[in-house]
Amino acid sequence: MNPLHLADAVRAALVAAVRAGELDVQVPDEITIDRPRSREHGDYATPVALKLAKAAGLPPRAIADTVATHLRQADGVAAVEVAGPGFLNITLEAAAAGALPGRILAAGAGYGRSDGLKGRRINLEFVSANPTGPVHIGGARWAAVGDALGRVLSAQGAEVVREYYFNDAGAQIDRFARSLLAAARHEPAPEDGYGGAYIGDIAAAITAEHPDWPALPDAQASELFRRTGVAAMFDEIKATLHTFGTDFDVYFHEDSLHSSGAVAAAVQRLKDSGHLYVKDGAWWLASTAYGDDKDRVVIKSDGEPAYIAADLAYFLDKRARGFDLCIYMLGADHHGYVARLKAAAAAFGDDPDVVEVLIGQLVNLVRDGAPLRMSKRAGTVISLDDLIESLGVDAARFALIRYSVDTTLDLDIDLWTRSSNDNPVFYVQYAHARLCRMLANAADLGLPGGDPAVAVDYDPALLDTPQESELLALLAAYPGVVTAAADLREPHRVARYLEDLAAGLHRFYDHVRVLPMGDADPTPATTARLRLSAATRQVLASGLDLLGVSAPERM
RNA sequence: GCGCUCGUAGCUCAGCUGGACAGAGCAGCGGACUUCUAAUCCGCCGGUCGCAGGUUCGAAUCCUGCCGGGCGCGCCA
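Calculation notes
Residues numbered from 1 in each chain as written. Chains lettered and ligands numbered in written order. Predicted model: local features only at pLDDT ≥ 70, side-chain atom pairs only at ≥ 80, totals over all residues. Heavy atoms only, no water. Helix = DSSP H or I, 4+ residues; strand = E, 2+ residues; numbered from the N terminus. Buried < 20%, exposed > 50% of the residue type's maximum accessible area, 1.4 Å probe, protein only. Contact = heavy atoms within 4.5 Å. Areas by Shrake-Rupley, 256 points an atom, 1.4 Å probe, with all protein chains shown as cover. Lys, Arg positive; Asp, Glu negative; His and termini not counted. Charge placed at Lys NZ, Arg CZ, Asp CG, Glu CD. Domains from an automatic or database assignment. Buried area = accessible area lost by both parts, 1.4 Å probe. Salt bridge = Lys/Arg side-chain N within 4 Å of Asp/Glu carboxyl O. Polar contact = N/O pair within 3.5 Å; in protein donor to acceptor, adjacent residues only side chain to side chain. Axes fitted to C-alpha atoms, helices over the stretch in contact; angles between N-to-C directions. Parallel < 35°, antiparallel > 145°, perpendicular 65-115°, else oblique. Nonpolar A, V, L, I, M, F, W, Y, C, P; charged D, E, K, R; others polar. Pairing = 2+ DSSP bridges. Left-handed = near helix turned anticlockwise from the far one by under 90°. 1 Å grid on protein atoms, 1.4 Å probe; cavity = no way out; pocket = protein on both sides within 12 Å on 5 of 7 lines; lining within 4 Å. Points joined across faces, edges and corners; volume = space filled by probe spheres on them. Patch = residues over 30% accessible without salt bridge, like charges linked within 9 Å, V, L, I, M, F, W, Y side chains within 5 Å. Arc of directions from axis to C-beta.

Student: Just give me the short version of the overall build of chain A, but keep the residues and values in it.
Tutor: Each helix and strand counted, chain A has 20 helices and 14 strands in total. By its C-alpha atoms, chain A is 85 × 65 × 45 Å across when sized along the principal axes. For chain A, the proportion of its 555 residues judged to be buried stands at 50%. Across chain A, contacts joining residues at least 24 apart in sequence account for 73% of those joining residues at least 6 apart. With the model as given, the accessible surface of chain A reaches about 24,700 Å², and the carbon-plus-sulfur share is 51%. Taking the average location of the 52 positive side-chain charges in chain A and that of its 74 negative ones, the two points are 2 Å from each other.

Student: If you had to explain the domain arrangement of chain A to someone new, which residues and values would you point to?
Tutor: What the domain assignment reports for chain A is domain 1 (3–92), domain 2 (98–115 + 423–547) and domain 3 (126–255 + 361–420). For domain 1 and domain 2, the distance between their C-alpha centres works out to 29 Å. Opposite the five residues of domain 1 that make contact, domain 2 presents five residues. Between domain 1 and domain 2, the buried area comes to about 340 Å², and carbon and sulfur atoms account for 48% of it. For the salt bridge of Arg-39 with Glu-470, the shortest nitrogen-to-oxygen distance reads 3.1 Å. Along the contact surface separating domain 1 from domain 2 lie two residue pairs in polar contact (both at pLDDT 80 or more).

Student: Lay out the packing of helix α14 (residues 384–391) against helix α15 (residues 393–401) with the relevant residues and their values.
Tutor: At a closest axis distance of 7 Å, the pairing of α14 and α15 adopts a crossing angle of 115°. Considering the angle they form, α14 stands roughly perpendicular to α15. For the pair α14 and α15, contact is made by Leu-387, Ile-388 and Leu-391 and by Val-393, Ala-395, Ala-396 and Leu-400, respectively. Here the residues of the contact of α14 with α15 sort into seven nonpolar, no polar and no charged.

Student: For the sheet that holds strand β7 (residues 276–279), give the residues involved together with the corresponding values.
Tutor: Across the sheet, which stays open at both edges, the three strands sit in the order β7-β8-β9 with antiparallel pairing between neighbours. Each of the sheet's edge strands pairs with one partner strand only, and the pair in question is β7 and β9 (296–299). Averaged over neighbouring strand pairs, the angle between their axes works out to 45° when direction is ignored. Bridge count for β7 against strand β8 (residues 282–285) is four bridges, and the pairing is antiparallel. Note that in β8 the partner of Leu-276 across the bridge is Leu-285. Seen against the sheet, helix α11 (residues 262–272) touches β7, β8 and β9 and runs at an angle of roughly 90° to β7.

Student: With reference to specific residues and values, describe the packing of helix α19 (residues 492–511) against helix α20 (residues 524–547).
Tutor: Their axes nearest at 10 Å, the elements α19 and α20 cross at an angle of 155°. Here α19 is positioned roughly antiparallel relative to α20, judged by the angle of their axes. α20 is crossed by α19, and the crossing has left-handed handedness. The segment α19 lies against α20, with Val-494, Ala-495, Tyr-497, Leu-498, Leu-501, Ala-502, Leu-505 and Phe-508 engaging Arg-529, Leu-532, Ser-533, Thr-536, Val-539, Leu-540, Gly-543, Leu-544, Leu-546 and Leu-547. Classifying every residue of the contact of α19 with α20 gives 14 nonpolar, three polar and one charged.

Student: Hey, could you go over the layout of surface pockets for me, with residue numbers and the actual values?
Tutor: One number sums up the size of the second largest pocket: a volume of about 820 Å³. Looking at the second largest pocket, it is lined by 34 residues, and the ones nearest its centre are Pro-3, Ile-33, Ala-477, Gly-480 and Val-481. Put simply, the parts of the chain that give the lining of the second largest pocket at least two residues each are α1 (3–19), α18 (466–487) and α19. It is α18 that contributes the most residues to the lining of the second largest pocket, 10 residues altogether. Classifying every residue of the lining of the second largest pocket by side-chain character gives 15 nonpolar, eight polar and 11 charged. Residue-level mapping places the lining of the second largest pocket at the junction of two domains, with at least three residues from each of domain 1 (3–92) and domain 2 (98–115 + 423–547).

Student: Describe in detail a negative patch on the surface, supporting the description with residues and values.
Tutor: There is a patch of like negative charges on the surface, built from Asp-201, Asp-235, Glu-236, Asp-385, Asp-386 and Glu-389. The element best represented in the negative patch is α14, accounting for three residues. Summarising the element assignment, Asp-386 is placed in helix α14.

Student: Report on empty space enclosed by the protein, specifying residues and quantitative values.
Tutor: Which parts of space are left empty comes out when a probe the size of a water molecule is rolled across the atoms. Overall, the coordinates contain two cavities of 30 Å³ or more when judged by the stated rule. Of the pockets and cavities examined, the largest cavity occupies roughly 50 Å³. When residues of the lining of the largest cavity are traced back to their parent elements, those giving at least two are α6 (137–155), β10 (325–331) and β11 (355–360). It is β11 that provides the largest number of residues to the lining of the largest cavity, a total of three residues. Within the lining of the largest cavity, the residues separate by chemical class into eight nonpolar, one polar and one charged. The calculated volume of the second largest cavity comes to roughly 40 Å³. Contributing to the lining of the second largest cavity are Ile-308, Asp-311, Leu-312, Phe-315, Tyr-328, Arg-340, Leu-341 and Ala-344. Within the residue set of the lining of the second largest cavity, elements represented by two or more residues are α12 (307–320) and α13 (337–347). Top contributing element to the lining of the second largest cavity by residue count: α12, with four residues. Here the lining of the second largest cavity is composed, by residue class, of six nonpolar, no polar and two charged.

Student: Break down helix α2 (residues 48–56) for me, citing the residues and quoting the values.
Tutor: For α2, the full list of buried residues reads Val-48, Ala-49, Leu-52, Ala-53 and Ala-56. Looking straight down α2, one finds its buried side chains confined to an arc of 140°; they lie on one side. Turned more than 90 degrees away from the buried face of α2, the exposed residues are Lys-51 and Lys-54. Of the residues one or two after α2, Gly-57 is the one with positive phi, at around 65°.

Here it is in structure tokens:
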């Protein structure tokens, strides 16, 4: 019996009441089931009678009384009380709640997965940092959150393709190339160039690989540094992300859109459909017609495509590859893109809702309470590599994922590097490791129940201490958490849930003895508790996997 | 000025698709280990949910206005 089953039971009770002529209302599709803070209000509660009062033309408590009468007949329901203004407080039979571990263990890693998004083909684009420097802290946030979101969406049955858009065309790349060339010539970085230590490293690697470079004419030298420098930077970015546990299915090169003629074709299509017009020698997209604040230049007056031209072609490319949803994860400094990306889709005659832009707030680094100003040009950035080095992959991922991307993150560098044990990831991982040791001990003792692979009967009614009830309720909530995380595009819900689940496990562990003490014989409760422990271990492992964080067997 | 976004405990943040007295971690104070991992558990302290209105049986949550912070408003990418 979990919240979803209970919602079905409440709905059935409503239908029964309507059939009996006791109520005259449309039975709602969604039934809210809450987990009350206090057990005095039952295991679960629903305000459905309050919501229906107006439509039914009856006092909420009268409706609640009617529904309660029918709900009491439902399997697994021990008691139903009407409380306050008309809440239905529901208490489950211990056996109905206690049956859950058996079902979780039967489902294994499948528990918490669903097919709610089956058939959806989702393109998830994130990070997409320019290959002019290492991935910095902002990119790190998307690398962690985006990857976790991909996992969560996949767990709901969606077909997800993770994509990195590689801006290897345009002026920034030219500046990058000039910066490399300047470094190779031991000249200061150009005024508008990049000056981090990595520039010197890459330049040195290129000159070592191509010792005859000084003989090249300027244009060729520039091209050499551009081509090899971008390739080197890109390899480094890929390697860093791989270390971080984030691998992309597609690394898409902006350059390819230009060379293949896709950009020209997209522009022509808009010209043909009358969505482009000429003003001041440039071609403009009439995006205001579709909700943008202003029209956008697509082809500049010098004949060169503007940045958005490639975006247009890129969108068409994604659609041609069969995606029915294109998610873009962008930083708050790019929120101005939302309207133009949707307008672009509309201009192509497509549904703007195919484009979904997730805006995440920026990450501020703080030291001693003062903001640390970062500059890519000056090379004073905290890179993803730095983060991994000081925190480790698991702690860094968890720390970045556990906050809503709606919040601007203030990360205190010293705190993070000094006392990384404060990171809740260890709390969650410790819960998993604790269970692994206990289950291993059970196996050594030859006790049944601890092995997830072996189905073992147990008496579910024995799981009736407060700590066991709480743990069962937490386990029951897991599928709903994953669904919410996917639907709302908020993987941080999974991280927060795991912290709660770990807390529930630790309380259980500290208050309820599982294995027999000393030479004592195992009891039926031993088996039931081992099943509960094994099921909890499974959900902890599944949840951590959704975050791309390891579930260690010992710590 | 216009737009987006955030404002919850000393700090960092959950809760926001409306539900019962607002939560966690950290910090502070005090307890619990000769038996399954104390990276744990238990207790105490701590908040006019930025302010003011509105909608509602019910608002941290929805709407409006104001205040404060961040970001954006290029023929840059």
